[in-house]
Every structure is written in structure tokens, then in C-alpha cells.
Amino acid sequence: MPNPYSLMIHGGAGALEDLKYEATEVEFKQSITAILEQGRARLERGDSALDVVEYCVTLLEDDKLYNAGCGSVLNADGKVEMDAALMNGSDLRAGAVACVPNIKNPISLARRVLDRGEHVLLASDGALEFAKFCGVELSPDEYFITEARIKQLAEAQVAGRMTLDHERIKPSQKLGTVGAVARDIRGNLAAATSTGGLVNKRWGRIGDTPIVGAGVFADNDTCAVSATGYGEQFLRTVFAKTISDFVQFRGMDAQAAAQAGIDYLVAKVNGEGGAIAIDAAGRCAAAQSTSGLIRGWIELGGETHCQLG
Ligand code: ASP
């Protein structure tokens, strides 16, 4: 009898209190549930955790509800610059891209980097050239830049702030970075994270998302982690690897480790964000310091769950 699979995805952290009063709550739940079911079908037929986290993140990137792929937020120059990374827990192979424009699915470009194996992280023009070389799909600026995102940037600039996508400058803005973690039927773990970053960020800014050990980490001996929140804080606390270390060196399960990671983030840098994790036993976990973390999960082949708060 094969090992049971587990899958968890997230759509970002932030202030989501108003969701319950809006149709958006329903949209998020439908989107998360549909993506989990598509991931479940692939895990059931024996796909690898790495393939499934990539697949789920491409679906999240293709949904304008989230701050990744086509829904990415704008930087201070009104442009889209995306970060993405994924990691394979059985051999610690990883692939990442940073500051990339015009890539339809940055997570699939990160996968090409991982598969090629020569490098872990490619940025900016070099990543774009690699995308052309690999034949990865490109999309024009109009695919990414929407009226809503232009308005969101203008509001952040008027407020003189750099914000998380979900942050409540206006209640209508509650969209976020995406991620997936999985354990496949062979017991292998993988993690993936993709983002447009922070609203009104300086051009050239790279957050935690494409940095192995900060926004993403997977090791079969410990857990798979995908993070979301203010990237600078997650970089300074080497956040995802810290959660893995809590499993490895303190013997915690995924939930205890995720919570310990958030406690550390808050204690050290007053960090704002959240994380999802699956441990080697297939247990799903989430923790956050924000009021909301959009997420859904299937633990050990069981029911599909969705939670926004
Ligand atoms: N962590 C992302 C970044 O700082 C943003 C987010 O998670 O919403 O780029």
C-alpha cells in the first residue's frame, strides 16, 4: 500500500477581516479548493511532490486573485518584477528566478533552472534570456498590468508606503503571494513559492521568495515550507530553514515548528506574515502573525480543507 499523500497551498498573508463580508471570500475558497483537487488527482496517480507543487503554483499564478503571475503587484515604476523558487526534498535540488518581467509562469522557469542543475538562482535579464533559450512562455505587459493594480500602486504611493498585497489600505485589496508544499506517495517532500513582491517596492528589489531557506525550503528529513509576508524580515531570519531546523534539532512536528518559526520571526524582527508546512509524516501545518492567511490542505489523503483567517 503506497504512502498517503499530503498537499497544502496558500494565497498569501495579510489583513483579511473584511473578506467575510464580500463575494471575494467565496472566490478564494472556490479557487483554493479547485486547485487542491487538481493537485490531489496528480498525487493519487503517482506524480512527484516536485511536479505537483510546480503545477499547483502555475494554477495560482494563472488566477488574478493572487499576487503572482498574471495578478502580480506593481513596483514603484509601475512595472511587474516577479520572484519564484522551488525545492526538492529528496536531494535538496532547487531552482529560482528573481526580478523577472514578462514570464507567464515564473515557477516553471524556476523549474527549468532546477532541472538544468548548473545554477540555483537566475535574475533579471539573464533569467529572461534563459527563458527564451528554454522556450518558456512569455506574456506582454498588458497581461500583467491591470487597472486595479495601477490603482493599488497609486494608493500606496499617496500613503508613502511599501505594502503587502493584502494590506488594508482599502478593503478591496486582499490578494497575495502563493505557495505549495507536498508529500507524494513515495514520501518525498517539495515546496514552491511565487510572488510579484511588495506593492511600490524599489525596482531591482528581491524578496525572500526566491531565496532558498528564506521563502522556500524542503528536506525529506524534516519538512517542506512556503512563506509569505514582508520579505526583508523573512530574509533576515532565514525563516523557512529555521522552521526546518526546529524539526531537525528540536524534534518538533510541522505545526509546532511552524508556530516556533513565527514566534521567532515576531520576537526577532517583529515580522508580519505566515507559512505553510508539511513534515515527513505528512502532517499539514500553518502559522501566521497576520490576521489572515489564505490556505487549503489535504492531509494524508483525507478531505479538502480551506481556511482564510
Ligand atoms: N514575501 C513576498 C515578498 O516580500 C511578499 C508576500 O509574501 O506577499 O516579496
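Before any of the text, the structure's been laid out above.
What counts, and at which threshold
Residues numbered from 1 in each chain as written. Predicted model: local features only at pLDDT ≥ 70, side-chain atom pairs only at ≥ 80, totals over all residues. Heavy atoms only, no water. Helix = DSSP H or I, 4+ residues; strand = E, 2+ residues; numbered from the N terminus. Rg over C-alpha atoms; globule rule 2.2 N^0.38 Å. Buried < 20%, exposed > 50% of the residue type's maximum accessible area, 1.4 Å probe, protein only. Contact = heavy atoms within 4.5 Å. Areas by Shrake-Rupley, 256 points an atom, 1.4 Å probe, with all protein chains shown as cover. Lys, Arg positive; Asp, Glu negative; His and termini not counted. Charge placed at Lys NZ, Arg CZ, Asp CG, Glu CD. Salt bridge = Lys/Arg side-chain N within 4 Å of Asp/Glu carboxyl O. Near = heavy atom within 4 Å. Polar contact = N/O pair within 3.5 Å; in protein donor to acceptor, adjacent residues only side chain to side chain. Nonpolar A, V, L, I, M, F, W, Y, C, P; charged D, E, K, R; others polar. Pairing = 2+ DSSP bridges. Axes fitted to C-alpha atoms, helices over the stretch in contact; angles between N-to-C directions.

> Mind showing me how you'd approach the overall build of the protein chain here?
The helix and strand inventory of the protein chain stands at nine helices and twelve strands. In terms of overall dimensions, the protein chain is globule-like: its C-alpha atoms have a radius of gyration of 17 Å, near the 19 Å expected for 309 residues. Its C-alpha atoms put the protein chain at 55 × 45 × 35 Å along the principal axes. Here the protein chain, with 309 residues, has 59% of them falling under the buried criterion. Considering only contacts in the protein chain between residues 6 or more positions apart, those separated by 24 or more positions represent 69%. A total accessible area of about 11,800 Å² is found for the protein chain, and carbon and sulfur atoms account for 51% of it. The centroid of the 30 positive side-chain charges in the protein chain is displaced by 2 Å from the centroid of its 40 negative side-chain charges.

> What's the story with the pattern of salt bridges in this structure? I'm lost.
Pairing between side chains of opposite charge can happen when their charged atoms approach one another. Counted by the stated rule, this structure contains twelve salt bridges. Put simply, Lys29 and Glu25 hold a salt bridge, and the shortest N to O gap is 3.3 Å. With Lys29 and Glu25 both in helix H1 (residues 23-44) and four residues apart, the pair spans about one turn of that helix. Residue Lys29 is classed as partly exposed on the basis of its relative accessible area, which comes to 33%. As a salt-bridge pair, Arg45 and Asp47 come within 2.9 Å of each other at their nearest N and O atoms. Assessed through its relative accessible area of 16%, Asp47 is described here as buried. The structure contains a network of salt bridges with shared partners spanning Asp51, Glu54, Arg111 and Asp115.

> How do you make sense of the site of the ligand when you look at a structure like this?
Looking at the ligand, there are eleven residues lining it, with Thr177, Arg205, Asp208, Thr228 and Gly229 nearest. Separating an oxygen atom of the ligand from a side-chain N or O atom of Thr228 is a distance of 2.7 Å. Residue composition of the shell around the ligand, by class: two nonpolar, seven polar and two charged.

> Sorry if this is basic, but what is going on with helix H3 (residues 106-116) here?
Think of an α-helix as turning once every 3.6 residues; residues three or four places apart then point the same way. Within H3, eight of the eleven residues are buried, which leaves it mostly tucked inside the rest of the structure. Buried within H3 we find Pro106, Ile107, Ser108, Leu109, Ala110, Arg111, Val113 and Leu114. The inward-facing, buried residues of H3 contact helix H2 (49-61), strand E2 (82-88), strand E3 (94-100), strand E4 (121-123), helix H4 (124-134) and strand E6 (189-195). Remark: Gly117 follows H3 within two positions and exhibits a positive phi of approximately 80 degrees.

> Help me out: how do you make sense of the sheet that holds E2 in this one?
The pairing of strands in a sheet comes from backbone hydrogen bonds and takes either a parallel or an antiparallel form. The mixed open sheet is built from eight strands, whose spatial order is E4-E3-E2-E6-E5-E1-E11-E12. Unpaired on one side and paired on the other, E4 and strand E12 (304-307) mark the two borders of the sheet. Each strand axis lies, on average, 10 degrees off the axis of its neighbour in the sheet, ignoring direction. Relative to strand E11 (residues 292-298), strand E1 (residues 6-14) is paired through six bridges, and the arrangement is antiparallel. The residue bridging Leu7 from the neighbouring strand is Ile298, located in E11. On the sheet, H3 packs against E2, E3, E4 and E6 and is oriented at approximately 135 degrees with respect to E3. Across the face of the sheet, H4 comes into contact with E3 and E4 while running at roughly 105 degrees to E4.

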